[in-house]
Amino acid sequence: MTTVVSRRRRVVEITGKWVVFALFVAAWQVATELAEAPYFPTPVTIGRTMVDLWLSGPAAHLFLTDAVGTQIVPSLLRLLGGWAAAGAIGIVVGLILGRSGKAYDYVSPTISFLRSIPPPALLPVFLVLFHIGTEMQLATIIFGVIWPVLLNTIDGAHTLDETVVETTRSMRLSRTRFLATVVFPAALPKIFAGLRVSLSLALILMVISELVGSTNGIGYQMILAQRNFAIAEMWAGIVLLGILGYVLNVLLLAVQNQVIGWHIRSKSLTGR
Amino acid sequence: MSRLLRNIIGTVGVLALCELVGRSGLVNPNQLPPPSVIGARLVELFNDYEFSLDVVSTVLSWAIALGIAVLIAVPLGVLFGSVPLVGSAASAIVEFLRPIPSVAMIPLALVALGGAAETKIWLAVFGAVWPILFNTVHAVSDIDPVQINTAKAFNLTRRQMLTAVKLPSIAPFVLTGIRVSGSIALILVVSTEVLAGGSSASATILERGGLGGFITDAGTGGARMDLAIAGTFVAGLIGFVINIVFVAVQRRWVNWSDGDRAR
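Residues numbered from 1 in each chain as written. Chains lettered and ligands numbered in written order. Predicted model: local features only at pLDDT ≥ 70, side-chain atom pairs only at ≥ 80, totals over all residues.

## Let's talk about the overall build of chain B
Thought 1: Of regular secondary structure, chain B possesses 10 helices and 0 strands.
Thought 2: Going from the N terminus to the C terminus, chain B shows its helices and strands as α-α-α-α-α-α-α-α-α-α.
Thought 3: Buried residues in chain B amount to 39% of all 263 residues.
Thought 4: When contacts within chain B are restricted to residue pairs at least 6 apart in sequence, those whose partners lie at least 24 apart make up 71%. (Helix = DSSP H or I, 4+ residues; strand = E, 2+ residues; numbered from the N terminus. Buried ≥ 20, exposed ≤ 12 C-beta atoms within 10 Å, placed from the backbone. Contact = placed C-beta atoms within 7 Å.)

Below you can see the structure in the form of structure tokens.
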């Protein structure tokens, strides 16, 4: 009974949100039409440009244009590849450092300095070291997004319940198995929080690395549009990146609910 | 062995390793100079008047942007958090605007506003507003109702309620938001500088190329990697100091809560 009510409330909430958003877009349409500012095309113009750019292909390709394959797909691959690599490195190193106080002490000043560097400041350096292209972009993304995962994993692994540690010690698990089967699951809630921050950061770094040095990708397309003063195309890129950010976040939240639903449920049971 | 000693040994070890790799011929020393060379450049840069102007330009733009973001986001956040109807309407719009990576605006902003000082500041404001707004709304709606009711029982005026109950209670979370926004604003200022590139000496302090412009000129323009990496090091130093200051402020003035709950 309660679930039906709460589900209905959720539906109302979600529809309400989209209605508000639709009203906002409508207001923007009216405002931009009245203002006729050259740098602010109407939402309809932006939408039409987006369709022209990406959705006007042949039916056999699900209406996707070639630009989807040459611009959006490479961007997405770099974004997800860099994020996944940074996530894997961050989790493994974080688990080890989180359980070894001494090792952490040795590297903590280096870590806190490196993560303080605003990643775009490294772009000119990476451009020379790796040359223009995927290599340089992956380096930028990995270097920029590894810190939230690493630090959250260290934190999660470090604040493990002592009873759990003692119990597993009595089971004589090997170190690797202890990290993989006990520490890793316990640190998952914190790891997911880190992964979420990293994902939105990865999107930022993907764009900026493509703006600076690339031969394809969404950012490269936006730089071309900038050179041609194609304002509507630049807005199309902005909106596309917004949609990407939104969808990626929703997908990650869904995965998170699947994987650590137990944690969220146990938290709501204890009333926290 | 104390923690501090391990910190120092570790840091020295990392630097020595980099030095060794840099001198061993494994990497091209022109592309990746060893720390000793970069250290020498750093000393030179600290005495370089032009360079210090660039650093001031970056830090000042950052501070102005963060200040504007706080002035926009905190009052809005208190409003959204206190009036549920406005709050849920606004949160719908915010939820759709927030995922837009603010760097995506850089090409457009550079065309529309040019390489002027406002460009990097407004972009940084756009990026920095969200974490503060988010944390403020969350904190206001999270105030213990017992506190509010107690204050009501004492007949506090609206203004007293705001300054004596609401603001102290949300301050730790707002500060956490400002800390997150601080690093985002720095990323945006430097990004815009890197993309705009170059520095004209005649420009006013805010219109200079800044640290990002310096690094771009040194790295891609002049292929002076020692200068570029030294500049990057300074950028890291700025981020490091900013973080330390925020942690100190949090410990000193809002020490009644660590403010991490709202994240």
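Following the structure, the description resumes.
## What to know about the interface of chain A and chain B
Thought 1: With 45 residues of chain A at the interface, the matching set in chain B holds 47 residues.
Thought 2: In terms of residues, the side of chain A that touches chain B owes the most to one element, helix α4 (residues 101-114) of chain A, which gives 9 residues.
Thought 3: Broken down by class, the residue content of the side of chain A that touches chain B amounts to 33 nonpolar, 9 polar and 3 charged. (Nonpolar A, V, L, I, M, F, W, Y, C, P; charged D, E, K, R; others polar.)

## Considering the domain arrangement of chain A
Residue and element names in this part refer to chain A.
Thought 1: Taken as a whole, chain A is organised into domain 1 (1-36) and domain 2 (41-269).
Thought 2: Between the C-alpha centres of domain 1 and domain 2 there is a distance of 29 Å.
Thought 3: Opposite the 5 residues of domain 1 that make contact, domain 2 presents 4 residues.
Thought 4: Residues that form the side of domain 1 that touches domain 2 fall into these classes: 2 nonpolar, 2 polar and 1 charged. (Domains from an automatic or database assignment.)

## Here's the deal with the confidence of the model for chain B
All names here are of chain B.
Thought 1: On average, residues of chain B score 84 in pLDDT, and 92% of them are at 70 or above.
Thought 2: Of all helices and strands in chain B, the one with the weakest mean pLDDT is helix α4 (residues 84-97) (80), whereas helix α3 (residues 49-82) scores best (91).
Thought 3: Two summary scores accompany this predicted model of the complex, namely pTM at 0.84 and ipTM at 0.81. (pLDDT = per-residue confidence, 0-100.)

## Things to note about helix α9 (residues 218-227) of chain A
Residues and elements named next belong to chain A.
Thought 1: With 7 of 10 residues buried, α9 is to be regarded as a mostly interior element.
Thought 2: Turning to α9, its buried residues number three or more, namely I218, G219, Y220, Q221, M222, A225 and Q226.
Thought 3: Of the residues flanking the end of α9, it is F229, one or two places downstream, whose phi is positive at about 55°.

## Remarks on the packing of helix α8 (residues 158-196) of chain B against helix α9 (residues 210-221) of chain B
Residues and elements named next belong to chain B.
Thought 1: At a minimum axis distance of 7 Å, the contact between α8 and α9 shows a crossing angle of 40°. The angle between the axes of α8 and α9 places the two elements in the oblique class. Considering how the two elements wind past one another, α8 and α9 form a crossing that is right-handed. Contacts between α8 and α9 involve V190, S191, E193, V194 and A196 from the former and G210, L211, G212, G213, I215 and T216 from the latter.
Thought 2: When the residues that make up the contact of α8 with α9 are grouped by side-chain class, the tally is 5 nonpolar, 5 polar and 1 charged. (Axes fitted to C-alpha atoms, helices over the stretch in contact; angles between N-to-C directions. Parallel < 35°, antiparallel > 145°, perpendicular 65-115°, else oblique. Left-handed = near helix turned anticlockwise from the far one by under 90°.)

## Some points on the environment of L114 of chain A
Residues and elements named next belong to chain A.
Thought 1: Looking at the secondary structure, you find L114 in helix α4.
Thought 2: Residue classification places L114 among the partly exposed residues on the basis of 18 C-beta atoms within 10 Å.
Thought 3: Each C-alpha atom, one on L114 and one on F143, is 9.0 Å from the other, the two residues being 29 residues apart in sequence.

## Brief notes about helix α8 (residues 175-212) of chain A
Thought 1: The end-to-end C-alpha separation of α8 of chain A is 44 Å, well short of the 56 Å expected for 38 residues at 1.5 Å each.
Thought 2: Remark: the principal bend of α8 of chain A, roughly 55°, maps to L188 of chain A, with a proline, P189 of chain A, within the next four residues. (Expected span 1.5 Å × (residues − 1). Bend = angle between axes of the 7 residues up to and from the residue.)

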